[in-house]
Structure formats: structure tokens, C-alpha cells
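Residue-level structural notes
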Amino acid sequence: MTTLSRIVRCYGAPIVVAILALALPLNVASPAWQSVLIFTGIGALVAVGLNVLTGYAGQISLGQAAFVGLGAYGAVVLGVRSGLPLPLWLLGATVTGGLLGAVVGPLALRLRGPYLIFVSLALLSLLNYVASSWTSVTGGTAGTPATMSLRLGGLDFGALSLGGMRYDLAQSMGVLIWLVLAVVMVVAGHLARGRVGRGLRAVRGNEAIAGSLGIPVARYKIVAFVFAGAVAALAGALYAAQAGYVTPENFSMDTSIEYLIMLVVGGIGTQVGPVLGAFVISAIPEILLLVSPSLPFVASPNSIGGGGISVDELSTVIYGVLLVVVLLVAPNGLATLWRSRGNGAAAALRSRHRSRGPGRRGDGTPSTTPTHPASRTTISTTPQRSTK
Amino acid sequence: MTEPLQLGIAGLGLGGLYALTAMGFAIVLRATRVLNMFQAGVVLIGGYLCYAAHVQWHLPFPVAVVVAMAICAALGALVAVLIGARLARASLLTSVLVTVGLLYVAQPVVQAIWGDNNLLSLDDPWGLRQVRLGGLQIAARDLWLIGTAAVVLAGVWYLLNRTTLGIAMRAAASDREAALAQGINPRMIIGASWAIAAALGALAGVMSATAVGGGVRPSLVGVAFASLPGMIVGGLSSTGGAAIGGVAIGLIQAFVAGYAPSVLGAGISDTAPYLLLLVVLLVRPRGLIGDPVVRSS
């Protein structure tokens, strides 16, 4: 593999994202598409973290919104109540997310099977409870303003001033969010290609063999939890900053599921997937709004009462249809549709997701024998894809 | 003195609801290894169908309940026939998300048909009537709910333990390959599991849509999700565990709502089941009556 092609493979997607960060938000004038950009960026952040957790460590979390909420409220506490500057509240929020991930990881890992699903739901419930009840800090169910400082060096991401042009909050934050996304994608890529990623891929092939090869399975999985938690909290902090207000309603199971949808529709285990999926999911309501006048059964936004199905509800239906169709037709997301099958580790990930084979027992504990042909080849194919 | 008993009865009523929905989750999970989030949708559909049958088509209430359960069972069987086998083969993530997808399609469709206001009344025969029993004021619905849930759950127990179909379902749950080798038809297992789970969910939806339960409303889906911790508390590896866990969750919610100091806020009774879930996972992961869980490395 030539150096150029390696750079493109490893850094191509983040570089494109960084370019888009500078090109898009500042040139998109309509507030509707600006908010699509912002939600794409934030969703992509969470989805990148989920990609590592689900795609590599194989853990299903229905509660990522809890980490996002933690990051958002953490940013408020650090940035508004303590008045810390942008780098500190952003970093602080990220760290709290990572810490929570480090705490949750060992708990979920003690047990096989669908337990993380329940633990993540428990986290979500806890966050909602704390956010709704600890009124002095979080403002309770009414929420709290999130007006932290957005200055970084000479730049004010609340109102960027570049080349004589002044940009508003949405545009400026769009730039910040997408730049952060590019950086996070680079980190995620390194994680996936490095020792942790390779180790986790070996674990997906056969955990017992991987363990006996000396791979510290639990430790690597916890790294995945920490990363996913930190990134989600980071996204939450940025969300709070651009929204200017935070309420517990922002962090619900529906939100968590939206992030999963983004990841799964876009493509698990790919670099581009999370961004692609985030864009598709964020753009759908906007596209529907544009198209709705020509759809007879859609209620226009201004009509009250049973004039048809609302755009919001239609979006939800489309998400549902997307989920069912994409998962049954292309279980690993749109981004993998044109990938070649013999792609080493990525193919092993895909086949692992597609079928669990006959050897699993009903209570979720896998039998000890490898059950899928890919599992026997995974360990030998992973090293060749590693980068120096 | 009477307050704990009152709370206990209310908790049992709630627990009956949760037991029904948790059993629905558990039956499909154990027999087909699919965590069927669409169960929440069936609860919703069941409630609204009963409303349609009783209030709109003027069928007598018991008939309307049976009609709702039957249509939902058919719906469950239809879903099973269409995608049940594929879901059983797919990863847990896929099955969770596909069933969420079905839920996401069902909710707006229900709202488009019946509207999304919270004012629909099921016009159930109990309304808000209360019964005096030995000094206690008990909602009539709660009595019927406890009784009906007990009978239905006993029926499910009988099905799972004394009928060929039920034993086949348990065999498929405990060792799929051996069950297939014994000639058990996987399609029947899958279809029956989904249908039974749907019927249970529909009944829970009807009971939850009563006046005491809160009326016919879009948030009926929440009832099923609230029962999820019950599966862990009772034990994921046991179908009976889901019922017991559901009852436990109901009792916990009632007693926490009744006795929690107000400084803890109103949401504590919703969170308490999840706190219990975390405690159970830390202390006794197998749940109340589950099998010991294999620890990972």
C-alpha cells in the first residue's frame, strides 16, 4: 500500500469533514439547513463513539443519550455556573463522560448477553431523574440556560468574524462542531487501527482464544466504553452550547435510539458510516418539510387537527421503515453496500453481525466452540491490515 | 395501618400490568432470542383496538377485549411469519432495532387513525369506582386486573408446562439445536411466541387504557418499557421470572411513590425499578429465580 493511499484510507474521511467544516456552515444561509448541519455534526459525534462501542466491542447501548445529557449539564455547570472558558468546560464535560463510561463498563462486562441494554436504560432513567429533580443545579424539568463562553483564543464561536464577514451562533458553532468531529474521527480511526481495535476484532472472532493469546479483553472493552462515553458527553456539551438551553426532555430513549439508527443506517464499522447516517437521519425531517405540499396525506405545518399525518410523525415512520428495510437488506448499513466482501476485518465484522450461528444457547451465553467460518479466519487476517 | 395494604394492592395491580408485558418480552426473547421492542407497540394497539371495538363499534366490553387480543395476536403472528425467522437468526442489535422500527411505524399510524389527544375514554365498566374490602378502598379495576392477570398468567404457565406447544417452546429456548433435532418446527415456535406475547401485550394495553390506568393515550407505550427492569429482577433465563419481576416492579413503584420523602422528587418512583435493576445486576445477576449467569472473562 503506497503512502498516499494509506493516508487517504486513514485520514481521508476526517480531512473531508474538516474541509466541510470550513466550507459548509459559513456558506449555508437557510436556518433550516444550518440546523441540519448542526444535528448531523452532533449526531455523527455520538455515532462515532457508538461505532467503537458497538462495532468493535460489540456492546449495545440504548442509553447513549444519558452520556450526552451528562455532557450537556456538565458543560452548564462548568461553563455557566463556574464560568470556565471553552477549553475547560468542553474538556471537563468530555472527561465526566469518560469517567462514567469507565464505571459502567466493568458492570456491563461482568455478564454476557443483553445486559448492557438494560444497564444503559437504567443510566438514562437515572439521568432524567437527576436532571428533573436536582433543581438547584439543573433547573429541573424547566431546564436551564446554557450560555457559556464560546471564545477560543481569538475566535468567538458565538459570532465568528472572518474576512470581514460576521457569522451567527448557528454558523459559528457549526464550524466548531464539524472541526471537533474531524478530530474525533482521527482519534477513533487510530483506536480502531491500533492495538485496541485489533484486539477487539480478535475478540469478536473468538473471545476465549483472544484471551488466551494474551489480549486483555476486559481492558480493551473498557477503553471502548470510555471512548464512547467521552465522545457522547463532548457532543452533549457542544449541543448545549449551540442550543443555548438544556432540558431533560432533550435526552430520552428516543434520542438514544436515533443515534443507533444513524450508526446502523450509515454503516457499522466504517469511518464514513456514522457521518452518512447522521446526515440521512437529520435531513429527513427537513426534506419532508420541503416535499410535504405535494404529498396529500401530510398535514401542512400550519394546520391544526386531523389534517393528515404531521411531518414529525411521518419522519418517525420513515425512520422505522428505514430501520426495518436497511437492517434486513443491508445489515451493516448503507456505507457497506458497495464495499467488497473480502475486506478482511471489515468482512469479519459484517458476518459477525449478520448471523450468530446455531451454537448459542437461549439464555444468551454463547457456546465455547467457534460457530462461524469468519471466526476462524479473523485472527489471522487482522494483523495484515494494521498500519504502522 | 391500612396504607401499606392499599399501596400493596395498587402495586399488585400495576405489577399485574407489568407482569403481562414482561412475560410478552420474555416469551419472545427466550424462544427466539429477539428482544422485541414492538411489544410496546402492541400494548398501544391493543388499547386503541379495544377502544375502537367498544366505543366506536359498540361491542360489549368483554367482547371488545377479546377482539383486541385476537387481532393483536394475529398481528403478532403476521410479523412473525414475515420477519420472525430472519430476526431470530440476526444479531441482537438488529432484532432490537428492527422491532423498534416496527414500533416507530405503528405509533404515528395509531395517532393518525385515532388522533393524538389524551382525552379518549375507554368507557370501561369499572371507571373510577372503588370497592370497600375490609376497611380498604380499592379501585374496582385493580381487583379485576389482579384477577385477570393471575388467571391469564396461570394459563400461560399451563401452556408452557403442560402442553406440547409450550414444552416445545421451552425446549427451543433452552437448546435450539437439540430442539430442532427433535423435529420441533421452528416456524410454529416463532409464530406462537409472537402471537402469545401480542395477546398478553394487548390485554395489558386494555387494562392500562382504563380510566384508572390513565385512559386511551399515545403514552401507552411507556407501560411496556417500564416493565423491562422486571425481566432482569425476575431473571432473564426464566419466563416465570419475568412475571415475578413485573409484580416486584409494580410493588416497588407503589411503595416508593407512597413513602418516598418529597425531597426526592416525583420521578423517584419511575427510577426506582431501574435502581433495583442495577442492584440486582451487582448483587445477584441471575435475578430472583433465574439460572446462574455465566461470567465473562
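Preceding block: the structure.
The following refers to the structure shown. On a predicted model such as this, the values are computed, not experimentally measured, just so you know. (Residues numbered from 1 in each chain as written. Chains lettered and ligands numbered in written order. Predicted model: local features only at pLDDT ≥ 70, side-chain atom pairs only at ≥ 80, totals over all residues. Heavy atoms only, no water.)

**Let's talk about the overall build of chain B**
For clarity, the cut-off: Counting from the N terminus, the helices are DSSP H or I runs at least four residues long and the strands are E runs at least two residues long. Radius of gyration here uses only the C-alpha atoms, and the compact-globule reference equals 2.2 Å multiplied by the residue count raised to the power 0.38.
A count of helices and strands for chain B gives 12 helices and two strands. The linear arrangement of helices and strands in chain B, starting from the amino end, is α-α-α-α-β-β-α-α-α-α-α-α-α-α. In summary, chain B has a C-alpha radius of gyration of 19 Å against a globular reference of 19 Å for 297 residues, a match within 12%. Dimensions along the principal axes, computed over C-alpha positions, put chain B at roughly 55 × 50 × 35 Å.

**Some thoughts on helix α11 (residues 253-266) of chain A**
Residue and element names in this part refer to chain A. The following threshold applies: One fewer than the residue count of a helix, multiplied by 1.5 Å, yields its expected span. Each residue's exposure class comes from its accessible area (1.4 Å probe, protein chains only) as a fraction of the maximum for that residue type: buried when under 20%, exposed when over 50%, partly exposed otherwise.
Given a rise of 1.5 Å per residue, 14 residues ought to cover 20 Å, and the 20 Å separating the end C-alpha atoms of α11 matches this to within 8%. Extensive coverage of α11 is indicated by the burial of 12 of its 14 residues. Of all the positions in α11, only Met 253, Thr 255, Ser 256, Ile 257, Tyr 259, Leu 260, Ile 261, Met 262, Leu 263, Val 264, Val 265 and Gly 266 are classed as buried. Gly 267, located one to two residues past α11, shows a positive phi value of around 135 degrees.

**Quick word on the interface of chain B and chain A**
Applicable threshold: Only heavy atoms matter for contacts: two residues are in contact if any of them lie within 4.5 Å across the pair. The buried area of a pairing is the accessible area, by a 1.4 Å probe, that goes missing from both parts when the two are put together, added over both. Here, a salt bridge means any Lys or Arg side-chain nitrogen found within 4 Å of an Asp or Glu carboxyl oxygen. We call two N or O atoms a polar contact when they sit within 3.5 Å, provided that within protein one can donate a hydrogen and the other can accept it, with sequence-adjacent residues counted only if both atoms are side-chain atoms. Only Asp, Glu, Lys and Arg are considered charged in this grouping, and only Ala, Val, Leu, Ile, Met, Phe, Trp, Tyr, Cys and Pro are considered nonpolar; every other residue, Gly among them, is considered polar.
With 50 residues of chain B at the interface, the matching set in chain A holds 50 residues. Summed over both partners, the interface of chain B with chain A comes to about 4,700 Å²; 71% of that surface belongs to carbon and sulfur atoms. If you sort the residues of chain B by the area they bury against chain A, B:Leu93, B:Leu97 and B:Tyr104 come out on top, with a joint share of 15%. Scanning the region where chain B abuts chain A turns up zero salt bridges. Taken together, the connections running from chain B to chain A amount to three residue pairs in polar contact (both at pLDDT 80 or more). Taken together, the elements giving at least two residues each to the side of chain B that touches chain A come down to α3 (61-89), α4 (92-114), α6 (164-174), α10 (228-234) and α12 (268-283) of chain B. For the side of chain B that touches chain A, the element with the most residues is α4(B), which contributes 13 residues. Here the side of chain B that touches chain A is built from residues that sort into 32 nonpolar, 11 polar and seven charged.

**Let's talk about the packing of α6(B) against helix α8 (residues 186-208) of chain B**
Residue and element names in this part refer to chain B. Applicable threshold: What counts as an axis is a line fitted to C-alpha atoms, over the stretch in contact for a helix, and the angles between N-to-C directions run from 0 to 180 degrees. Each angle receives one of four descriptions, namely roughly parallel if under 35 degrees, roughly antiparallel if over 145, roughly perpendicular if within 65 to 115, and oblique otherwise.
With their axes 10 Å apart at the nearest point, α6 and α8 run at an angle of 105 degrees to one another. Looking at the two axes, α6 sits roughly perpendicular to α8. Two secondary-structure elements touch here, α6 through Leu 165, Ala 168, Met 169 and Ala 172 and α8 through Met 188, Ile 189, Ala 192, Ser 193 and Ile 196. For the contact of α6 with α8, the class distribution of residues is eight nonpolar, one polar and no charged.

**Thoughts on the packing of aromatic side chains**
Residues and elements named next belong to chain B. Just so we agree on the cut-off: Classification of ring pairs rests on two measures: the distance between centres of Phe, Tyr or Trp rings, Trp counted by its six-membered ring, which must be within 6.5 Å, and the angle between planes, read as stacked under 30 degrees, edge-to-face over 60 and tilted in between.
Across all of its chains, the model carries four aromatic pairs over all chains by this definition. A ring pair is formed by Tyr 48 and Trp 114, whose centres lie 5.3 Å apart and whose planes are at 40 degrees; its orientation type is tilted. With Tyr 48 in helix α2 (residues 38-56) and Trp 114 in helix α4, the pair connects residues that are 66 residues apart, well separated along the chain. Exposure class is identical for Tyr 48 and Trp 114. Each is buried. Seen in terms of ring centroids, Phe 255 and Tyr 259 are 6.2 Å apart; in terms of plane orientation they differ by 15 degrees. Their pairing is stacked. Highlighted residues: Phe 255 and Tyr 259, both in helix α11 (residues 239-259), separated by four residues, approximately one helical turn.

**Here's the deal with the side chain of B:Thr32**
Residue and element names in this part refer to chain B. Among the secondary structure elements, Thr 32 is positioned in helix α1 (residues 2-32). Overall, the relative accessible area of 1% leaves Thr 32 in the buried class. Polar contacts involving the side chain of Thr 32 include one to the main-chain carbonyl oxygen of Val 28, which spans 2.7 Å. Here Thr 32 is in contact with Ala 88, Ile 190 and Trp 194, once residues within four sequence places are set aside.

**What about the pattern of salt bridges?**
All names here are of chain B. The tally for this structure, following the rule as stated, stands at one salt bridge over all chains. When the shortest N-O distance is used, the salt bridge between Arg 141 and Asp 142 registers 3.0 Å. Owing to a relative accessible area of 8%, Asp 142 belongs among the buried residues under this scheme.

**Structural notes on a nonpolar patch on the surface**
As a reminder, the rule being used: Excluding any residue in a salt bridge, patches collect residues exceeding 30% relative accessible area, merging like charges within 9 Å and nonpolar Val, Leu, Ile, Met, Phe, Trp and Tyr side chains within 5 Å. All accessibility values rest on the Shrake-Rupley procedure with a 1.4 Å probe; residue burial counts only the protein chains present in the view.
A contiguous nonpolar surface patch, about 270 Å² in accessible area, is contributed by A:Ile7, A:Ile15 and A:Ile19. For A:Ile7, the location among the structural elements is in helix α1 (residues 3-23).

**Examining unusual backbone geometry**
All names here are of chain B. Here the phi dihedral of Arg 33 falls at roughly 60 degrees; this positive angle occurs in a residue that is not glycine. Positive phi outside glycine occurs at His 58, with the angle close to 60 degrees. Relative to the elements of secondary structure, His 58 occurs in the loop between α2 and α3.

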